[in-house]
Amino acid sequence: MTDSTPQTGIGARQVRMEDLGLVTGADQFTADLDVPGALDVVFVRSPVAHARIVGIEPSEAIAAPGVIAVLTSHDIEVPRVFFPNFGALIHDAYHRAPLALDTVRFVGDIVAVVVAETLAQAEDAAELVYVDYDPLPSVVDPRAATADDAPLLFPDAGTNVALHLPFEAGTRAQDSPVRISTRVTNHRMAVAPMEGLAIAAIPGAAGKLTLWISSQMPHAFRDLTAMWLGMEAADLRVACPSVGGGFGGKTPAEPDYVLVAAVARHLNRPVRWTQSRSENLLTMQARGHVFDVALEATRDGKVTSVQVEELTDVGAYPGIGIGMVMTARGLATGTYDVQHGSFDIRCVATNTSPTGAFRGAGRPEGIHLIERAMDMLADELGMDPVELRRRNFIRPEQFPYTNVMGESFDSADFDKALTEALRLLGYDGLRKEQQRR
């Protein structure tokens, strides 16, 4: 970096400040914190996908060594948790109770909380909590969940389609004789950060509360959690020590965190919970999209329309997963100047783990669907896929640019970036090798 390098942060060398503590082990994560007098929390989770809770018998667990309390929804009231931006779009019935009330809806739903003096004691006692389940029909395939005779997760909502949001904008050209269609799938996956969720909740004087958490968004988490717990935001202190990855999965609307905070206030004792790896894989999931994509174009390769019919499996409690497909919609035309677009969203509740964000939060999915379709269109036209893209790029002089899906871009030179990528790749040589083979 020379003295003439503009010091805007853009293009300048960024010196990492956090590495020394991480590589030497000096930094502390939430689970490393020394919290005097803290009790350990273990959740009793449902082993069945869909069932009525007939009864919970905690007496044997309560009598186990070191156990302070075994709490169910009959012992402690915990508000429903939802991300307001997306929760406002769906029926209230879909909002999740962190501690199951009378029904479990996925394998992993929390039915009881065991609090003990040590983690080992809490884990042992959790095995002693007896729960009587009356199984209900379940549905785990999102397409099957849309059928008229599909079992309903939330009868009050009257449907498993939590959100149906059609969208169309622009003018559809009449002279587009070429049409291709394909299905692009983004499968369910686990977020799997190195550090799972972790929280230490410490009650203070006059109803105040301190939460140490592993989170990507501590400020939003404070405001939402204070609202759910009926507190003033100023009375809730949220602190993040080192965070071992998030990748989108550690959101401001974590029902597990809200439940632990409520337990600490209920007992007026400091409590802590660290998510196990199995819990993390079971409950922190993302994606689950199916996109049926169609492109219309002229014979010389100008794309005139992008049309998408989308189905997302948002799991047992639709929430943040809804937002991911809405972000994908914004980028469904990619880097291309397209004058017509439609995008029909259906987010479907199933008896599976709720979904959230992961690595780009819908944006990679949007780019994936348009780029896959562009390759297929190039093949249909017998055109080099690079040339097809160049014919459709948003040109530098068109910026600032708002695409047909409503997404705004301030500036770019897509052709210049592609040209440099092709140079680094040795594209012409790769094409010759492809032909030789």
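Please refer to the structure placed before this passage.
This one's a predicted model, so the numbers in the text were calculated from it and none came from an experiment. (Residues numbered from 1 in each chain as written. Predicted model: local features only at pLDDT ≥ 70, side-chain atom pairs only at ≥ 80, totals over all residues. Heavy atoms only, no water.)

The helix and strand inventory of the protein stands at 13 helices and 19 strands. A total of 437 residues make up the protein; the buried ones form 52% of that total. As displayed, the protein has an accessible area near 20,900 Å², and 52% of this comes from carbon and sulfur atoms. Placing the 38 positive and 56 negative side-chain charges of the protein at their respective mean positions leaves the two points 7 Å apart. (Helix = DSSP H or I, 4+ residues; strand = E, 2+ residues; numbered from the N terminus. Buried < 20%, exposed > 50% of the residue type's maximum accessible area, 1.4 Å probe, protein only. Areas by Shrake-Rupley, 256 points an atom, 1.4 Å probe, with all protein chains shown as cover. Lys, Arg positive; Asp, Glu negative; His and termini not counted. Charge placed at Lys NZ, Arg CZ, Asp CG, Glu CD.)

The next subject is the pairing of strand β10 (residues 198-203). As paired strands, β10 and strand β13 (residues 271-274) are joined by four bridges and run antiparallel to one another. By the bridge assignment for β13, isoleucine 199 is matched with tryptophan 273. Bridge analysis of β10 against strand β11 (residues 209-213) gives five bridges, and the strand direction is antiparallel. Paired with isoleucine 202 across the bridge in β11 is threonine 210. In this antiparallel pair of consecutive strands, β10 and β11, the connection spans five residues, and alanine 206 shows a positive phi of 60°. (Pairing = 2+ DSSP bridges.)

Contact geometry of helix α10 (residues 363-381) with helix α11 (residues 385-392) gives a least axis separation of 9 Å together with a crossing angle of 110°. Put simply, α10 runs roughly perpendicular to α11. Every pair of crossing elements has a handedness; the one defined by α10 and α11 is right-handed. Across the interface between the two elements, Glu371, Met374, Asp375, Leu377, Ala378 and Leu381 from α10 touch Pro385, Leu388, Arg389 and Asn392 from α11. (Axes fitted to C-alpha atoms, helices over the stretch in contact; angles between N-to-C directions. Parallel < 35°, antiparallel > 145°, perpendicular 65-115°, else oblique. Left-handed = near helix turned anticlockwise from the far one by under 90°. Contact = heavy atoms within 4.5 Å.)

Counting across every chain of the model gives 22 salt bridges. Between glutamate 279 and arginine 45 there is a salt bridge, and its shortest N-O distance comes to 2.9 Å. With glutamate 279 in helix α8 (residues 277-283) and arginine 45 in strand β1 (residues 39-45), this residue pair connects regions lying 234 residues apart in the sequence. Looking at glutamate 279, the relative accessible area reads 11%, which means it is buried. In this structure arginine 45 comes out as buried when scored by relative accessible area, which is 14%. For the salt bridge of aspartate 292 with arginine 183, the shortest nitrogen-to-oxygen distance reads 2.7 Å. In this pair, aspartate 292 sits in strand β14 (residues 285-297) while arginine 183 sits in strand β9 (residues 178-190), placing the two residues 109 residues apart along the sequence. The exposure class assigned to arginine 183 is partly exposed, which follows from its relative accessible area of 49%. Residues joined in a network through salt bridges with shared partners are Arg16, Glu18 and Asp19. (Salt bridge = Lys/Arg side-chain N within 4 Å of Asp/Glu carboxyl O.)

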